[in-house]
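Okay, here's what each chain looks like letter by letter:
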Amino acid sequence: PDKQRYKSAKERLELEGYQSDNWVLPGYHLYTVETVICRIGEAGCSAEAVFEQLKRFPAPQRFGSPDRKVGVKTGDKSFALGVGMVEHWVGTRLLTNTTIENQHLLNPGVVIREVVVAGDSIIVKTSGFGNGLLPQINSGIAAKLIWSDRTDSKIKAALGIKGKK
């Protein structure tokens, strides 16, 4: 099932025009984290609003260009504190963070962040693929801590959403 999820994500990205030589090689690891951001009907809750905030918070502890007030565009690069540089690609309600060779501790790797409407919930689904260092830690509890607890909580805060859903 993991290989099928990877294949589907890769095919979808390629249909939207994303190109990378950094696709996962044999021996890769995979993780997926889903965070409920808000419920449809809550003030400020829409897929579009969540995606605008996702572009501001595409990676944990993003520093550098562009200003966090604006959000990333395709080709922008950011420094993720503790691990290194990533390049962003922005599609329709999804974006990627691709590690940059010799500039990121976990290279090679790709993280796909997508806004999904599921029932009455707006979710950010984060899928990471790679064969860089620390695969057990990277795809284990760290994935939830880094994405749901730290990065996605900033999206909720920017939308004025309180607490966990």
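Cut-offs used in this document
Along each chain, the written sequence defines residue order, and numbers are assigned to residues from 1. Owing to the predicted nature of the model, reporting of local features is limited to residues with pLDDT of at least 70; listing and counting of side-chain atom pairs is limited to 80 or more, with chain, interface and lining totals taken over all residues. Each side-chain value is worked out from all heavy atoms of the structure, with water and hydrogens disregarded. A pair of strands is treated as paired once DSSP finds two or more bridges between them. Numbering goes from the N terminus for both helices and strands, where a helix is a DSSP run of H or I of at least four residues and a strand is a run of E of at least two. Count a disulfide wherever a pair of cysteine sulfur atoms falls within 2.5 Å.

Student: Summarise the pairing of strand β4 (residues 84-90); cite the residues concerned and give the values.
Tutor: With 4 bridges joining them, strand β3 (residues 77-80) and β4 adopt antiparallel strand pairing. The partner of A80 across the bridge, within β4, is G84. The turn joining β3 and β4, which pair antiparallel and follow one another in sequence, is formed by 3 residues; a positive phi near 95° is taken by G82. Bridge count between β4 and strand β5 (residues 94-104): 6 bridges; the pairing is antiparallel. Opposite E87, over in β5, you have T98 as the bridge partner. What sits between the antiparallel neighbours β4 and β5 is a turn of 3 residues, in which R93 has the positive phi angle 60°.

Student: Let's hear about the state of the cysteines: which residues, and what values?
Tutor: Evaluation of the coordinates by the stated rule reveals 1 disulfide. The disulfide bridge from C38 ends at C45, spanning 2.1 Å between sulfur atoms. The sign of the 80° torsion about the S-S bond sets the C38-C45 disulfide as right-handed.

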